[in-house]
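# Chain and residue survey
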Amino acid sequence: MTTWEMLAVFAAGISAGTINTIVGSGTLITFPVLLATGLPPVTATVSNGLGLIPGSVSGAIGYRAELAGQGRRVLKLAVGALIGGLTGAALLLALPSTAFETIVPILVALALVLVILQPRISKAVQRRREHDGTLARPDGGPLLFVGLMLASVYGGYFTAAQGIIYLSLMGMLLDDTMQRLNAVKNVLAAIVNSVAAIFFLFAAEFDWTAVVLIAVGSAIGGQIGAKVGRRLSPTILRVLIVAVGTVAIVQLLLR
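Residues numbered from 1 in each chain as written. Predicted model: local features only at pLDDT ≥ 70, side-chain atom pairs only at ≥ 80, totals over all residues. Heavy atoms only, no water.

## Some remarks on the pattern of salt bridges
In total, this model carries two salt bridges according to the counting rule given. A salt bridge links D176 to R73; the nearest nitrogen and oxygen atoms lie 3.0 Å apart. Of this pair, D176 sits in the loop between α8 (162-173) and α9 (178-203) while R73 sits in helix α5 (residues 71-94), and the two are 103 residues apart along the sequence. Accessibility expressed as a relative area gives 12% for R73, which makes it buried. Residue R180 pairs with D176 through a salt bridge whose shortest N-O separation is 2.9 Å. If you follow the salt bridges from partner to partner, you end up with R73, D176 and R180 in one network. (Salt bridge = Lys/Arg side-chain N within 4 Å of Asp/Glu carboxyl O. Helix = DSSP H or I, 4+ residues; strand = E, 2+ residues; numbered from the N terminus. Buried < 20%, exposed > 50% of the residue type's maximum accessible area, 1.4 Å probe, protein only.)

## A closer look at helix α3 (residues 41-51)
Across the 11 residues of α3, nine count as buried, placing the element largely inside the fold. Among all positions in α3, only T43, A44, T45, V46, S47, N48, G49, L50 and G51 are buried. Tucked into the core, α3 has its buried residues touching α2 (27-36), α4 (53-62), α5, α7 (141-157), α9 and α10 (208-229). (Contact = heavy atoms within 4.5 Å.)

## Concerning the nonpolar core
Of all hydrophobic cores here, the largest spans 48 residues; its most connected members are L144, L148 and M170. By residue number, the principal contributor to this core is α9, which donates nine residues. In this structure L148 touches L77, Y166, L169, M170 and L188, once residues within four positions along its chain are discounted. (Core = buried A, V, L, I, M, F, W, Y, C linked by side-chain atoms within 4.5 Å.)

## Observations regarding the packing of aromatic side chains
Tallied over the entire structure, the rule returns one aromatic pair. Here the aromatic rings of F206 and W208 are separated by 5.0 Å at their centres, their planes lie at 85°, and the arrangement is edge-to-face. Classification of F206 by relative accessible area gives partly exposed; the value is 22%. (Phe/Tyr/Trp six-rings, centres within 6.5 Å; stacked < 30°, edge-to-face > 60°.)

See the structure below:
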């Protein structure tokens with residue numbers, strides 16, 4: 001890489017770490033930059049996944065106050081994220097690069113619709129529970145576990161917009177604030193990135209220069225994202241999710 005290319009990758013890492021912590025889809029910033037430096041698609045994907053781990057961890061640490069009291073929930077959902085992330089990483093090396101190109105924009109669009117409708121859906125579910133006399137399950141039940149595991153398969157494969165899918169699923173099935181759900185999202189993303197990266201270390205080629213630049217940048221961005229994201233109201237956070245998700249869909253369709 002030239003000096004300017006290295007600066008561009010570093011800046012992309014900071015931006016990705018920030019946006020991943022607040023919403024998700026940071027890969028849509030780093031991935032095109034890595035391709036522009038001349039890296040092959042799979043090498044760029046693997047290098048990006050490795051580099052974003054510190055950012056995910058940094059973001060999760062930044063949201064540690066919102067994680068209080070969610071230990072059992074996170075532990076259970078983490079199992080599904082681990083299984084899904086490892087499966088997605090394996091699929092990246094086994095399937096052609098075009099395998100997910102059709103389904104990914106559809107998944108992101110569906111997730112955005114669910115994010116928009118989440119307040120109404122949550123109220124309807126709450127009224128139904130009050131009528132039936134049942135309580136919300138603190139872990140979301142089997143439906144959330146399976147849904148997040150499938151989302152993690154996609155996350156291990158490409159990662160772009162996985163956070164949006166996580167938030168849409170948890171927003172429907174968990175009775176909690178957006179900020180606390182965002183904290184869980186950051187932990188799950190860190191797990192998926194980490195397990196996929198460990199797999200890639202032994203099974204795929206990557207570029208160490210790109211990995212280090214994105215790692216340092218995303219770690220800085222994770223702290224920035226945590227400070228900014230924690231100050232956003234649920235409405236503003238939801239609007240930001242929809243805006244970023246819409247950009248993600250457009251970029252995915254134009255690839």
